[in-house]
Amino acid sequence: MGSAPSFDASQLLKGALDLVTLAVLAEEESYGYEVARRVWTGGLPDVREASVYGTLNRLYRAGLLTSRMAPSVSGPDRKYYGLSPQGREYLDHGRQQWKSTRNAIDQLLDPSPAEGSR
Amino acid sequence: MTTPDAAPAHVRTYLDEVRHHLRDLAPDDRAELTAPVEQRLRELAGGPADIERQFGRPAELAAELRSSAGYPYDAPMPGGPPLLDWLRNRSDHPVARPVITYVLSLRPAWWAVRGYLVLGGVLASLGSQKYRMHTIGYYNQVFDSSTPPHGNVLWVVVPLAAILASIVLGALTPRLPPAARAAVIALDVVAVVALLAFPTWWMPPAGAYFAGLVN
């Protein structure tokens with residue numbers, strides 16, 4: 001009999017990456033690699049760099065980000081992203097949704113003794 | 001600041017392959033998606049192995065970019081040309097990769113040749129007595145019945161239009177529905193047949209003479 005499959009956290013990260021990316025950019029405008037680095041140092045080292053680049057691309061196309069080009073010392077100009085007004089609104093709404101969803105999942109995964117004995 | 005041309009050869013090769021895996025996207029979308037990767041690859045010290053350690057194989061990176069950016073997956077064409085499928089399946093082989101990338105990069109040239117040949121095939125089928133000469137002379141004779149100085153420029157314009165149309169068609173082919181892509185493959189076959197069946201179109205007159213194709 002084989003061992004139980006291990007939990008794959010990548011699906012959780014995929015769902016949260018939009019909000020995480022927007023939250024990082026809400027603090028300060030930044031470019032692709034710097035956003036990825038801040039996601040890693042913020043406690044999500046398993047997020048792949050290319051996923052951050054693709055997410056930035058998608059959020060920008062959706063009108064949630066603004067962008068500007070700035071010179072780089074190491075190559076072609078860099079694209080710096082910031083939050084658009086729609087992006088800020090999306091982030092605020094997303095934060096509320098995340099908190100309520102997280103609370104519900106916490107309750108389901110780790111019910112208190114009182115609730116568990118109901 | 002370095003110029004875009006300053007990227008090392010292995011970086012360019014890697015990027016070419018990533019772009020190839022994203023070839024179904026519009027050029028601007030593809031460039032936008034791969035720009036941060038290009039920036040990072042220029043900054044990374046090391047060789048091809050270091051790049052793959054950081055980003056994975058080109059196909060994997062392209063798939064991740066595509067997925068996270070919300071672009072649809074570039075599904076292999078059902079019933080596509082066996083040769084192209086064979087090449088795709090080997091495009092990450094370390095030895096074959098540069099060769100395959102180069103061969104696939106020549107496709108725009110083939111699209112141009114295809115337009116030229118298909119037009120010639122159509123015209124030859126309409127006037128079979130006129131095909132035994134090389135192409136420029138052929139088109140000149142087909143279209144230019146007026147006398148100088150009021151020459152008819154159709155003999156230049158029509159072949160150029162056919163070439164341009166074929167190039168545009170080639171660029172759009174990956175985004176066409178399967179039935180339309182099958183029609184494009186049929187067009188390729190017609191062009192190859194025309195190339196092989198009527199070499200006097202594309203072979204200069206002297207070459208055709210020595211090859212015994214023209215009396």
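Quantities reported herein were computed from a predicted structural model and do not represent experimental measurements.

Caption draft 1: A look at helix α4 (residues 85-109) of chain A. A rise of 1.5 Å per residue sets the reference length of α4(A), with its 25 residues, at 36 Å; its end C-alpha atoms lie 35 Å apart and thus fit the reference within 8%. Lining the buried residues of α4(A) we find α1 (10-27) and β2 (78-83) of chain A.

Caption draft 2: Broad picture of the interface of chain A and chain B. Counting residues at the interface gives 20 residues for chain A and 20 residues for chain B. Between chain A and chain B, a total of about 1800 Å² is buried, with carbon and sulfur atoms accounting for 48% of that surface. Its largest share of buried area at the contact with chain B, chain A owes to A:A50, A:Y53 and A:P76, together 26% of the area lost on that side. Inspection of the chain A/chain B interface yields four salt bridges. Here B:E43 and A:R78 are joined by a salt bridge, their closest N and O atoms 2.1 Å apart. In this assembly, chain A and chain B are joined by ten residue pairs in polar contact (both at pLDDT 80 or more). The set of elements that each furnish at least two residues to the side of chain A that touches chain B consists of α3 (49-61) and β2 of chain A. Grouping the amino acids of the side of chain A that touches chain B by side-chain chemistry returns six nonpolar, seven polar and seven charged.

Caption draft 3: Spotlight on the nonpolar core. Among the nonpolar cores identified, the biggest contains 19 residues, and B:L41, B:L61 and B:L65 are the most heavily contacted of them. Contributions of two or more residues to this core are made by α3 of chain A together with α1 (9-21), α2 (27-43), α3 (48-55) and α4 (58-69) of chain B. Sequence-distant contacts of B:L65, defined by excluding residues within four places in its chain, comprise A:A50, A:Y53, A:G54, B:V18, B:L22, B:L33 and B:V37. Listed in part, the 17 residues of the second largest apolar core include A:V35, A:V52, A:L65 and A:Y81.

Cut-off values and rules
- Residues numbered from 1 in each chain as written.
- Chains lettered and ligands numbered in written order.
- Predicted model: local features only at pLDDT ≥ 70, side-chain atom pairs only at ≥ 80, totals over all residues.
- Heavy atoms only, no water.
- Helix = DSSP H or I, 4+ residues; strand = E, 2+ residues; numbered from the N terminus.
- Expected span 1.5 Å × (residues − 1).
- Contact = heavy atoms within 4.5 Å.
- Buried area = accessible area lost by both parts, 1.4 Å probe.
- Salt bridge = Lys/Arg side-chain N within 4 Å of Asp/Glu carboxyl O.
- Polar contact = N/O pair within 3.5 Å; in protein donor to acceptor, adjacent residues only side chain to side chain.
- Nonpolar A, V, L, I, M, F, W, Y, C, P; charged D, E, K, R; others polar.
- Core = buried A, V, L, I, M, F, W, Y, C linked by side-chain atoms within 4.5 Å.
- Buried < 20%, exposed > 50% of the residue type's maximum accessible area, 1.4 Å probe, protein only.

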